[in-house]
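What follows is the residue order along each chain.
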Amino acid sequence: MRVRSEVVIIGAGAAGLSLAERLCATGPSSLSVRLIEAPPGPLRPPPRTWCFWEDGAGRYDEAVTATWNRMRVRGTDGQLVDASTGALRYKMIRSTDFEAVIARRLAGRRGPTRTEATVEAVEGTADGADVLVRTPDGRQESLPARWVFDSRPLGSLPRARTTLLQHFRGWFVRTPRPVFDTGSVELMDFRTPQPERGLAFSYVLPTSPHTALVEYTQFSASVLPSDRYDQALDTYLGDVLGIRDFHVEAREEGVIPMTDARFARQSGGSVFRIGAAGGATRPSTGYTFAAIQRQTTSIAAALLAGRRPLPPPPHSHRSHAMDAVMLHALASGRLDGAAFFTRLFSRVPAERLLRFLDGATTLFEDLSIGLHSPILPLLHSAASLPSRPLRPSPTP
């Protein structure tokens, strides 16, 4: 007889692991949880880094590589904005450390049943769903569940009026001399050639005086040839920062869709999407980790209370509308992205601006921040946006 799980979580990335950990955090529970992880190969995401800001101590501080309470933004002309983040701390977590912390926590509790398999289909039933999987040895199995939470990347993005791609490559570098300031993060350094539409910047996350993650990022309609990212990083380190003696210890890269599309949070009567697949990525910035924590906190609370666990909208309607206007302004070339962000950080207190980027500001605060934005390009984009047709989004 097949044993039905109360909860099946598909995917062991940030969203899947966060939900599993929250469901098992209170100790023994009546909920039976199964976590399905893809076997090693192309379906398992590579190691990556997540950054977010948080007020004080956090749930996953044990996994944090480094934190900062100052940040710098540099304009294309070298204009420097150096600001305190106030009560907020900017935090960096590497996925391998996060996975290790979650594994230790779950090992000491009545944790989920872990299954390594490839999910081939999810089929609704009268009172739940069946997750059809293929195990590494080739066997097919059907795993019944009352509720299914699916964090797998979507095969195609929903239709949208505007979609840009945030594409990046980062080097974890080590230098023989102490050259990095561990007290501050270079959040956006625009001293790099800018695309005609969109923006490009580098950032530096120092983890010690000798080590840092140095990353080149571009928001544009398409990705670059592979060697262009290495050229950009080499130029930034050598010509802009004056660092020519360094060793690359590890690399990371990725492509994040930045889109005004509406993501469905439910794909069946008992099947829900979580993480980036459920719209957790903030369209204007690409940040995802903080929204995942809000999302999984709400889901876990509903499940443990016996309520229907529909994930909440990851971002407010107001935040989504503002992001749609900004993306359209960038994609159309009306908005100078580098000047826009440099101006915001130079005129708005950093703590308020970070809360704004996380969707945690009031309407009055949003309006006050808007006064420091280039009004005409944004108004023009807002006026023309509704007439733009919904189109298929490019595949990253």
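Refer to the structure printed above.
The paragraphs below set out a description of the structure included in this document.

Calculation criteria
Counting restarts for each chain, with residues numbered from 1 along the sequence as it is written. Under the rules for a predicted model, residues below a pLDDT of 70 receive no local features and side-chain atom pairs below 80 are neither given nor counted, while totals for whole chains, interfaces and linings still include all residues. Remark: hydrogens and water are excluded; side-chain values derive from all non-hydrogen atoms of the structure. By convention a nonpolar core is built from buried Ala, Val, Leu, Ile, Met, Phe, Trp, Tyr and Cys residues, the set being connected through side-chain atoms within 4.5 Å. Here's how the labels work: a residue is buried when its accessible area is under 20% of the maximum for its type, exposed when over 50%, partly exposed in between, all with a 1.4 Å probe on protein chains only. Numbering goes from the N terminus for both helices and strands, where a helix is a DSSP run of H or I of at least four residues and a strand is a run of E of at least two. Contacts between residues were defined by any pair of non-hydrogen atoms, one from each residue, lying within 4.5 Å. In short, DSSP must find at least two bridges between two strands for them to pair. Axes here refer to lines fitted to C-alpha atoms; in helices the fit is confined to the stretch in contact. Angles between the N-to-C directions go from 0 to 180 degrees. Pairing of aromatic rings covers Phe, Tyr and the six-membered ring of Trp, with a centre-to-centre limit of 6.5 Å; geometry is then stacked below 30 degrees between planes, edge-to-face above 60, and tilted otherwise. Counting as a charge over the ring demands two things of the Lys NZ or Arg CZ atom: a distance within 6 Å of the ring centre and an angle within 35 degrees of the ring normal.

**Regarding the nonpolar core**
Move 1: Counting 43 residues, the largest nonpolar core has Tyr90, Phe190, Leu205, Phe341 and Phe345 as its most contacted members.
Move 2: The leading source of residues in this core is helix H5 (residues 317-332), at 6 residues.
Move 3: Among residues more than four places away in sequence, those in contact with Phe345 are Met71, Val73, Val81, Leu187, Leu353 and Leu357.
Move 4: Judged by nonpolar contacts, the second largest core, of 35 residues, contains Ala14, Leu17, Leu23 and Val64.

**Overview of the sheet that holds strand E7 (residues 88-94)**
Move 1: Strand order across the open sheet formed by 3 strands is E3-E7-E4, with antiparallel pairing between neighbours. Each edge of the open sheet is held by one strand with a lone partner, namely strand E3 (49-55) and strand E4 (64-68). The mean angle between the axes of side-by-side strands here comes to 25 degrees, regardless of whether they run parallel or antiparallel.
Move 2: Looking at chain direction, E3 and E7 are connected through 7 bridges and run antiparallel. Considered in E7, the bridge of Cys51 is made with Met92.
Move 3: Strand contacts of helix H2 (residues 95-107): E3, E4 and E7, with the helix running at about 85 degrees to E7, the strand carrying the most contacts.

**Observations regarding the packing of aromatic side chains**
Move 1: Applying the stated criterion to the full structure yields 17 aromatic pairs.
Move 2: Ring centres of Trp50 and Phe289 lie 5.6 Å apart, and the angle between their planes is 25 degrees; on these two criteria the pair is classed as stacked. A residue pair is termed long-range when its members are at least 10 positions apart, and Trp50 in strand E3 and Phe289 in helix H4 (residues 289-304) qualify at 239 residues. In terms of burial, Trp50 and Phe289 fall into one category: buried.
Move 3: Aromatic pair Phe201 and Tyr203: ring centres 6.4 Å apart, planes at 35 degrees, arrangement tilted. By the burial criterion, Phe201 is buried, and Tyr203 matches it.
Move 4: Taken together, Trp50, Phe52, Tyr60, Phe98 and Phe289 form an aromatic cluster joined through their ring pairs.
Move 5: A cation sits over an aromatic face here: Arg94 above Phe172, 3.8 Å from the ring centre.

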